[in-house]
Amino acid sequence: MLLIHCPYCNQTLPEAEFTYAGEAHIARPSDPSSVSDEEWRDFLFIRTNVKGPHYERWRHFHGCGRYFNAVRDTVSDRFLITYKTDDPRPELSKLLEKSK
Amino acid sequence: MSSFRVSGRGRVDHTQPIQFTFDGKKIKGFKGDTVASALLANGIHLMGRSFKYHRPRGAVTAGSEEPNALVGTRRGPGRFEPNTRATVQEIWDGLQVNSQNRYPSLSFDIGAINDKAYMLFSAGFYYKTFMWPKSFWDKVYEPFIRAAAGLGVSPTEPDPDHYASRYLHTDVLIIGAGPAGLAAAVSAARAGSRVTLVDENPEAGGSLLSEPSAMIEDMPAWDWVAKTVAELKELGVKVMTRTTAIGYYHQNMVGLCEKLTDHLASPDGETPRERMWRVRAKQVVLAQGALEKPLVFDGNDRPGVMLAGSAQTYLNRYGVRVGNKAVIVTSHDSAWYAAFDLADAGTTIAAIIDTRAEPNGDLVAEATKRGIRIMAGHTVTGTEGRLRIKSVRVNPITGSSVGAAEVIVCDCLLMSGGWTPSLHLFSHTKGTLKWDEERQTFLPDHKAEECEIAGAGRGLWGIEAVLNDGAEMGAAAAKSLGKTTKAASYGVANDRPGTGVSHKELPTDLDAGKARAFVDYQNDVTAKDLRLAVREGMRSIEHVKRYTTNGMATDQGKMSNINGLNIASDALGVPQPKVGLTTFRPPYTPTTFGAFCGYHKGSHFEVTRKTPIDSWAEENGAAYEPVSLWRRAWYFPKDGEDMHAAVSRECRATRASVGIFDASTLGKIEVVGPDAVEFMNRMYTNPWTKLAPGRARYGLLLGDDGFIRDDGVIGRLADDRFHVTTTTGGAARVLNMMEDYLQTEWPDLDVWLTSTTEQWATIALNGPNARKVLEPFVEGLDMSDEAFPHMSVAECRVGGFPARLFRISFTGEVGFEVNVPAHAGRALWEMLFEAGKKYDICPYGTETMHVLRAEKGYIIVGQDTDGTVTPHDAGLGWAIGKMKPDFVGKRGLARPDLVAEGRKQLIGLLTKDGKTKLEEGAQIVLDPNQPKPMKMVGHVTSSYHSDAAGRPIAMALLEDGFNRMGETIYIPMPDRVIKATVTGTVFFDPEGARLKL
């Protein structure tokens, strides 16, 4: 069982309190009617599916209830960082530097 | 007792005799014996039959890695366990032990015919022997394989024991309480860390229990163990014995299985049989030691052939000599010491055969002193003896040639192929391994978790080396927690350091193709099988493993992995590190399902959600059905009624007068805030701006892909407050989805979302007399058709309780849904039921609810839709607010596939004969005479007998269904083809006249 840091509660808690919520930084277009079929398809279905550091969303479901973002290595299952939804997307090179 | 028990020797209590049975025969042992040690003390080596060839087998080890001596144990009614390792099970008075995989008896077993036909059962035999003729598969091969599969017999009775689970947080978890683990615990505990020390054995000490002559700090080893354990307890260390670390998971979580009662003659009944611990440790020290490897030669599996280190353990720990006349065959120094201990205890050592040409001079001198014959540079090429080894065939090795054989008589053959560090738990963490050329084994390399590996587990040998390494690693663990400490330094006298070499099969002068040289005892895999696998094209070690099943038995290759690797590497002509090792997976040793289940069994398997009115339904004989985690009243049978009769009566009563229904499980979400209406406009397809407070509307929720996710009636209580209902199963999902959009897409909206499902009890009254029953209880509301029409909501009091009253209908009748605080649910239900008696009020369950709604063509999301159905497909296009600039799913609905012609659409079906009820899920075809496989164009989603329609009715999703009205379609069933006509989905009161008062 993983331990996950909730950036809102500022506590590291068992995975059982959290639910996974898919890839992060996929914004819903502000005016969906103006986007092409291909763009809408990409928004709905196309994901990076990376082997390695993955930007993803989690929800502190049985806690504060907030959605937040994380970078987790899909090979080692290790979290590099968790951050609030409106924080900027952290640069991978800096994260990898820090985790060394 | 028998001549094999050495008086006063070992850690068993010679003053406490214990009697148990083995295959019905009474066996005597002492307190502290295992089943295996007690049998050996009685001269019994034959303990089981092998899996494939049914070869006679005895205990080859003295520990949890045992592959052969698997037995069934019975501890009273319902307490039978198959495949228990005789080397681990402690004995107590009355224990019943049975051998396995033999018929009719252990010494005479018909299945042993397989051994003569071994050519048929070589590697991959499943794929070869049982290939043809094809017709044999069902009748001959499969029954044969099924009968032969597995070793022990599964218990058939429910397990009467209970199992527990707990969490534990600790600074340093030390796995293994041998010399390395004890020294590590001392270092970490003296540094002030919270320490937990676990060991699978009944007592701490590990290999020191087999080395009583060693002197640690001028103290006999056993005294040092006792002193150390006492000091650890004094320092607050949690010492857990009979506790196996079964798996090492992410972020230093380790699973421990603690066995509490299997060693007791009369457990108190309160104590759980086993307890699963989930330990979160800041640091882990792996001090699991090393496992001895067998040597691979023809006949290395006969009863009496045993690992030398295990024979030493049986002597020193249990006071049991495993034979009167032993031969030692070894490639490692350690077996020499076993020979010395046995010789000193009275066993004749017929010879020490060392595969090395020049063994250690000190050892040779010691052996010579005892008059033991030394055969250096020799190999073993065979053994004789059916149920017990009688002799061993020995040949000299000169360069690459094997000389003439000599036969030596013996009653046990003690072997050592060197020692393999136990890397299982380390490998669970995906820590990497590196090949150590000198020791010919894998050692831990890069660590993936916060852990240290100490002692023999990282290739060290000798008590002093291991103790000091443990002390260092314990200190290292404490230091990484910020403690300042210095590791103790231990001096050991009478130590037994040593080295060895590693082998593939031992060289032989005989036909290697006929050798029965076992690598994996438990799965009966021989060296020949491994070479055959390579010849037949297996290149990856993972393929070799699966083709031969080497290392796939319950011992997970603890003894066979490195020997298997050496042989595969030789056959492939590729060095070992290039071949690689197969993956170790948890659990480390076989673990009961009970331990994994813990408390989660029977009624505690998962929670059962019950409504506030559930108890009334139970008292009134409801039949229940599970709906997500809820149990819901399904129907209320009267005396002698079956489900069909009960549902039919409930439907008629409701349409004739009034029915009462517990709708409390409906999901309820309170949507509140200045932007509540804007939020609702964006979430749901419908327009909400113009819905006045006091009015309600059917709401439809889509995903952004345009498919239906959920539905429910939504009431507007005030400008800034909505009472949203969802499907019973969808409540949590809908709230999660709402939160997702609110938090991450529209954080600008000022809205609060609260689940109120369990705060409200909801009672539905439906039927022409529903208002008459309800009205006398309602305060503060004009219930006339004009003031409170269909699709209204009001806050008022009902039966004296604060209430939210909806006038809505899921039946096509005049309907009300009363929401009162949960605590008031049953009281109000009883009031309404009592008052309704003069109208023959009828309680009904979910089945009647389903029939009544189907008669009206109202859909159930998840039954009539399946995640690929659009509002238009479901005939709900009217529920879409087309003027809204956006809502979840609007853009999705414009996707090319969703606007295409010929989609599956929800239609009604009436069977041609007017009597046949279709089966839900049945497939629909347009032409029943087409060749198979037929083109399926849809399926039945809902099907019921309808009293109101006077015939069976059904709904179905059908390709281009809206354009097929009146057409005949076909439903092929196993025994016939059913014809049906495509219709609309409303089967009763199409004008909706009955909704008016």
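Given the structure is predicted, the values throughout are model-derived calculations rather than measurements.

Undergrad: Provide a residue-level description of the overall build of chain A, including the pertinent values.
TA: A count of helices and strands for chain A gives two helices and six strands. Written out in order from the N terminus, the α and β elements of chain A read β-β-β-α-β-β-β-α. Judged by the C-alpha coordinates and their principal axes, chain A covers about 40 × 30 × 20 Å. Contacts in chain A between residues at least 24 apart in sequence constitute 44% of all its contacts with a sequence separation of at least 6. Approximately 5,800 Å² of chain A is accessible, and the part contributed by carbon and sulfur atoms is 50%. A distance of 5 Å separates the average location of the 14 positive side-chain charges in chain A from that of its 15 negative side-chain charges.

Undergrad: So what's going on with the sheet that holds strand E50 (residues 951-959) of chain B? Which residues, and what values?
TA: All names here are of chain B. A sheet is described by the order of its strands in space; here six strands give the open sequence E48-E49-E50-E47-E52-E51, paired in antiparallel fashion. The open sheet terminates on both sides in strands that have one partner only, identified here as strand E48 (923-924) and strand E51 (968-972). Running at roughly 110° to strand E49 (residues 938-946), helix H23 (residues 846-855) makes contact with E49 and E50 of the sheet.

Undergrad: Any chance you could break down the packing of aromatic side chains for me, citing the residues and the numbers?
TA: All chains considered together, the criterion is met by 21 aromatic pairs over all chains. Plain terms: the ring middles of B:Trp616 and B:Phe833 are 5.0 Å apart, the flat faces sit at 65° to each other, and that makes the pair edge-to-face. Placement of B:Trp616 in helix H17 (residues 614-619) and of B:Phe833 in helix H22 (residues 825-836) is noted, with a sequence separation of 217 residues between them. Comparing B:Trp616 with B:Phe833 shows no difference in burial state: the two are buried. Ring centres of B:Trp634 and B:Tyr635 lie 5.5 Å apart, and the angle between their planes is 55°; this geometry places the pair in the tilted category. The exposure class of B:Trp634 is partly exposed, given its relative accessible area of 25%. When its relative accessible area of 12% is taken as the criterion, B:Tyr635 is described as buried. Clustering of aromatic rings is evident, with ring pairs tying together B:Trp616, B:Phe636, B:Trp829 and B:Phe833. Its guanidinium or amino end placed over the ring of A:Tyr55, A:Arg89 lies 3.8 Å from that ring's centre, counting from NZ or CZ. The aromatic ring of B:Tyr53 is capped on one face by B:Arg516, whose charged end is 4.7 Å from the ring centroid.

Undergrad: Describe unusual backbone geometry, listing the residues and the values that go with them.
TA: One can expect most non-glycine residues to show negative phi and most peptide bonds to be in trans. All names here are of chain B. Residue Pro587 is reached from Pro586 by a cis peptide bond, and omega for that bond is -5°. Pro933 follows Lys932 through a cis peptide bond whose omega is -5°. Position of Pro933 relative to the elements: it lies in the loop between E48 and E49. Phi is positive for Asn494, close to 55°, though the residue is something other than glycine. If you trace the backbone, Asn494 turns up in the loop between strand E30 (492-493) and strand E31 (518-520).

Undergrad: Lay out the packing of helix H7 (residues 308-318) of chain B against helix H8 (residues 334-344) of chain B with the relevant residues and their values.
TA: All names here are of chain B. Running from amino to carboxyl end, H7 crosses H8 at an angle of 35°, the nearest separation of the two axes being 8 Å. Crossing hand, H7 versus H8: left-handed. Between H7, through Ala308, Ala311, Gln312, Leu315 and Asn316, and H8, the contact on the second element is made entirely by Ser334, Ala335, Tyr337, Ala338, Asp341 and Leu342. Considering only residue class, the contact of H7 with H8 consists of seven nonpolar, three polar and one charged.

Undergrad: Break down the confidence of the model for chain B for me, with residues and values.
TA: For chain B, per-residue confidence averages 95 on the pLDDT scale, and 98% of positions sit at 70 or higher. Here the prediction assigns the complex a pTM of 0.90, and the interface score ipTM is 0.97.

Undergrad: Give a description of the nonpolar core that names residues and reports values.
TA: Residues and elements named next belong to chain B. Membership of the largest hydrophobic core comes to 51 residues, with the highest contact counts inside it found for Phe20, Tyr314, Ile352 and Leu414. Broken down by element, the residue count for this core peaks at seven residues, all from H8. Excluding residues within four positions of it along the chain, Leu414 makes contact with Met306, Ala308, Ala311, Val322, Ala326, Val327, Ile328, Val329 and Leu342.

Undergrad: Describe in detail the pairing of strand E4 (residues 53-59) of chain A, supporting the description with residues and values.
TA: Residues and elements named next belong to chain A. Counting buried positions along E4 gives six out of seven residues, so the element sits mostly inside the fold. When strand E3 (residues 19-23) meets E4, the two strands line up antiparallel, connected through three bridges. The partner of Tyr20 across the bridge, within E4, is Trp58.

Undergrad: For the side chain of B:Arg649, give the residues involved together with the corresponding values.
TA: Among the secondary structure elements, B:Arg649 is positioned in helix H18 (residues 643-656). Discounting chain neighbours no more than four positions away, the residues touching B:Arg649 are B:Phe636, B:Pro637, B:Lys638, B:Glu641 and B:Cys842.

Undergrad: Any chance you could break down the interface of chain B and chain A for me, citing the residues and the numbers?
TA: With 28 residues of chain B at the contact, the number on the chain A side is 26 residues. Counting the contacts that link chain B with chain A gives five salt bridges. A salt bridge links B:Asp740 to A:Arg57; the shortest N-O distance between them is 2.7 Å. Connecting chain B to chain A are 18 residue pairs in polar contact (both at pLDDT 80 or more). Within the residue set of the side of chain B that touches chain A, elements represented by two or more residues are helix H20 (731-745) and helix H24 (890-893) of chain B. Residue contributions to the side of chain B that touches chain A peak at seven residues, all from H20(B). A class-by-class count of the residues in the side of chain B that touches chain A yields 10 nonpolar, seven polar and 11 charged.

Undergrad: I'd like a description of the pattern of salt bridges, backed by residues and values.
TA: Residues and elements named next belong to chain B. All chains considered together, the criterion is met by 66 salt bridges over all chains. Among the ionic pairs, Arg546 bridges to Glu542, the shortest N-O distance being 2.8 Å. Within this pair, Arg546 and its partner Glu542 are both found in helix H13 (residues 541-548), separated by four residues, close to a single helical turn. Accessibility expressed as a relative area gives 40% for Arg546, which makes it partly exposed.

Undergrad: Hey, could you go over the packing of helix H5 (residues 179-190) of chain B against helix H6 (residues 221-234) of chain B for me, with residue numbers and the actual values?
TA: Residue and element names in this part refer to chain B. Between H5 and H6, the least distance of the axes is 10 Å, while the angle of their chain directions is 30°. Classified by the interaxial angle, the pair formed by H5 and H6 is roughly parallel. The two elements H5 and H6 cross, and the hand of that crossing is left-handed. Every residue of H6 that contacts H5 at Leu182, Ala185, Val186, Ala189 and Arg190 is listed here: Trp224, Val225, Thr228, Val229, Glu231 and Leu232. Of the residues contributing to the contact of H5 with H6, the split by class is eight nonpolar, one polar and two charged.

Undergrad: Run through the confidence of the model for chain A, naming residues and quoting values.
TA: In regions of low pLDDT, the predicted coordinates are not meant to be interpreted in detail. Chain-level statistics for chain A give a pLDDT mean of 95 and a share of 98% at 70 or above. Mean pLDDT values for the elements of chain A range from 84 in helix H2 (residues 92-99) of chain A up to 98 in E4(A).

Undergrad: I'd love a proper account of the pairing of strand E28 (residues 441-444) of chain B, names of residues and values included.
TA: A two-sided burial pattern is seen for E28(B), the buried positions comprising B:Thr441 and B:Leu443 on one face and B:Phe442 and B:Pro444 on the other. Count of turn residues in the strand E27 (residues 433-436) of chain B/E28(B) antiparallel hairpin: four residues, of which B:Gln440 carries a positive phi of about 55°.

Undergrad: With reference to specific residues and values, describe the sheet that holds strand E44 (residues 801-807) of chain B.
TA: All names here are of chain B. One open sheet accounts for seven strands, arranged E42-E43-E44-E45-E41-E35-E46; its pairing is mixed. Two strands close off the open sheet at either side, each with one partner strand: strand E42 (778-779) and strand E46 (842-843). Where strand E43 (residues 792-798) and E44 come together, seven bridges link them in antiparallel fashion. In the strand pairing of E44, Arg797 is matched with Pro802. Its contacts with the sheet put H22 on strand E35 (659-662), strand E41 (760-766), E43, E44, strand E45 (815-821) and E46, and the angle it makes with E41 is roughly 15°.

Undergrad: Provide a residue-level description of H22(B), including the pertinent values.
TA: Residues and elements named next belong to chain B. The first and last C-alpha atoms of H22 sit 16 Å apart over 12 residues, in line with the 16 Å expected at 1.5 Å per residue. Taken together, the buried positions of H22 are Gly825, Leu828, Trp829, Leu832, Phe833 and Gly836. Down the axis of H22, the buried set is contained in an arc of 135°. They therefore lie on one face.

Undergrad: Describe the environment of B:Phe777, with residues and values.
TA: All names here are of chain B. Inspection of the secondary structure assignment puts Phe777 in the loop between helix H21 (770-774) and E42. Remark: the alpha-carbon pair of Phe777 and Gly403, spanning 374 residues in sequence, is separated by 106 Å. Apart from residues lying up to four places away in sequence, Phe777 is in contact with Arg797, Val798, Gly799, Met831, Leu832 and Ala835.

Undergrad: Give me the environment of B:Ile216: which residues, what numbers.
TA: Residues and elements named next belong to chain B. The residue Ile216 is located in strand E10 (residues 215-216) in this model. Its relative accessible area of 0% is what places Ile216 among the buried residues. In the structure, Ile216 is positioned 251 residues away from Leu467 in sequence and 9.4 Å away in space, judged by C-alpha atoms.

Undergrad: Please set out the side chain of B:Ser809 residue by residue, giving values where relevant.
TA: Residues and elements named next belong to chain B. Assignment of secondary structure puts Ser809 in the loop between E44 and E45. Within the structure, the side chain of Ser809 is placed 2.9 Å from the backbone nitrogen of Gly812, a separation counted as a polar contact. Engagement of the side chain of Ser809 in a polar contact is seen with the backbone oxygen of Glu813, the distance being 2.7 Å. In contact with Ser809, other than residues within four places in its own chain, are Asn766, His790, Gly815, Tyr858 and Leu995.

Conventions used here
Residues numbered from 1 in each chain as written. Chains lettered and ligands numbered in written order. Predicted model: local features only at pLDDT ≥ 70, side-chain atom pairs only at ≥ 80, totals over all residues. Heavy atoms only, no water. Helix = DSSP H or I, 4+ residues; strand = E, 2+ residues; numbered from the N terminus. Contact = heavy atoms within 4.5 Å. Areas by Shrake-Rupley, 256 points an atom, 1.4 Å probe, with all protein chains shown as cover. Lys, Arg positive; Asp, Glu negative; His and termini not counted. Charge placed at Lys NZ, Arg CZ, Asp CG, Glu CD. Pairing = 2+ DSSP bridges. Axes fitted to C-alpha atoms, helices over the stretch in contact; angles between N-to-C directions. Phe/Tyr/Trp six-rings, centres within 6.5 Å; stacked < 30°, edge-to-face > 60°. Buried < 20%, exposed > 50% of the residue type's maximum accessible area, 1.4 Å probe, protein only. Lys NZ or Arg CZ within 6 Å of the ring centre and 35° of its normal. Left-handed = near helix turned anticlockwise from the far one by under 90°. Nonpolar A, V, L, I, M, F, W, Y, C, P; charged D, E, K, R; others polar. pLDDT = per-residue confidence, 0-100. Core = buried A, V, L, I, M, F, W, Y, C linked by side-chain atoms within 4.5 Å. Salt bridge = Lys/Arg side-chain N within 4 Å of Asp/Glu carboxyl O. Polar contact = N/O pair within 3.5 Å; in protein donor to acceptor, adjacent residues only side chain to side chain. Parallel < 35°, antiparallel > 145°, perpendicular 65-115°, else oblique. Expected span 1.5 Å × (residues − 1). Arc of directions from axis to C-beta.

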